[in-house]
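Survey of secondary and tertiary structure
The lines below spell out each chain.
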Amino acid sequence: MSQYCVVLVEPTLPENVGSVARAMNNMGVEALRLVNPCDYRSDAAKCLAAHSSEILENAVCFSSLEEAIADASFVIGTTARARDRFATLVDLPQLPALIPSGAGSIALVFGRESSGLTNQELACCHQLVCIPTFGQTKSLNLAQAVMVVLYELSRVSPSGAGISDLSEREVASARDVLGLKEHLFAVLKTVGFLKEHQRETLWQSFSDLIARARLGTPDVRLLRGFLRRTELTIKRSRQQKEP
Ligand code: SAH
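Residues numbered from 1 in each chain as written. Predicted model: local features only at pLDDT ≥ 70, side-chain atom pairs only at ≥ 80, totals over all residues. Heavy atoms only, no water.

As a further point, take the pattern of salt bridges. All told, the structure shown has 8 salt bridges when counted by the stated rule. Here Asp71 ties to Arg33 by a salt bridge, and the two come within 2.9 Å at their closest N and O atoms. Here the residue Asp71 occupies a position in the loop between α4 (65-68) and β4 (74-78), and Arg33 occupies one in strand β2 (residues 31-35), the gap between them amounting to 38 residues. On the accessibility criterion, Asp71 (47% relative accessible area) is partly exposed. Its salt-bridge partner being Glu57, residue Arg41 comes within 4.0 Å of it at the nearest N-O pair. Of this pair, Arg41 sits in the loop between β2 and α2 (43-49) while Glu57 sits in helix α3 (residues 53-57), and the two are 16 residues apart along the sequence. (Salt bridge = Lys/Arg side-chain N within 4 Å of Asp/Glu carboxyl O. Helix = DSSP H or I, 4+ residues; strand = E, 2+ residues; numbered from the N terminus. Buried < 20%, exposed > 50% of the residue type's maximum accessible area, 1.4 Å probe, protein only.)

Here we have 7 strands laid out as an open sheet, ordered β3-β2-β1-β6-β4-β7-β5, and parallel in their pairing. Strands at the two margins of the open sheet, each flanked by one partner only, are β3 (60-62) and β5 (89-91). Between one strand axis and the next, the sheet turns through 30° on average, direction left out of account. Examined bridge by bridge, β5 and strand β7 (residues 127-130) share 3 bridges and lie parallel to one another. Residue pairing for β7: Leu89 is matched across the bridge by Leu128. Sheet strands touched by helix α1 (residues 14-27): β1 (4-9) and β2. Its angle to β2, the strand with the most contacts, is close to 155°. (Pairing = 2+ DSSP bridges. Axes fitted to C-alpha atoms, helices over the stretch in contact; angles between N-to-C directions. Contact = heavy atoms within 4.5 Å.)

That's the geometry; what it means functionally is another story.
Following this line, the structure appears as structure tokens:
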């Protein structure tokens, strides 16, 4: 389980962060990353962490999700929201088979207690997952959600889990995919395809498309090369038109 790290985005209750640390310790996951957290070293957090305070002590803080997952080779986002809204959302039992077996460090991202993850944050993930529920409410307590996800992942050995066609090649990192999307949007704007009021919807659609494509590092390089050449061609043709 050492390849996993847990990322909590803006947790507001120290007790929840403490309980997350305990669940991680139970399941053999040590790395905790926090985006703009509450006071996670308070007595309340330590009390719930029980003998797992070391995970709290060693937690690393970031000011955005993009920074927190920048070095992860595969990013899994969790959400209790309706499945039909996201192309890459699967139920938890399907998750292990979708993790590339060659993936190195894997980030598991969990959202705010009150509002979960934003669409922008969900768009940063390679894969989205929902814990199926059968009662009146869909949303679990944050630490319980962490526990269930880690338990499910612990049942499958990482090397045997992944889909075969990705096992031989490196999946592009979250940082590379974000760089590609930003570059793509700059070009879409230049050619007049992107209207500012459509930015969010378009970002979501392209994020879904790119996540489904499971781009490798060479794919990102190829697409960025194409985008650079497109920019250059536009620039040259504009220069030619200038008197
Ligand atoms: N009201 C929020 C729920 C937040 S619960 C919402 O609508 O999203 C806090 C976090 O726990 C979520 O962001 C998610 O990371 C995790 N979580 C809770 N229930 C979950 C479920 N059924 N499936 C997957 N993750 C869940």
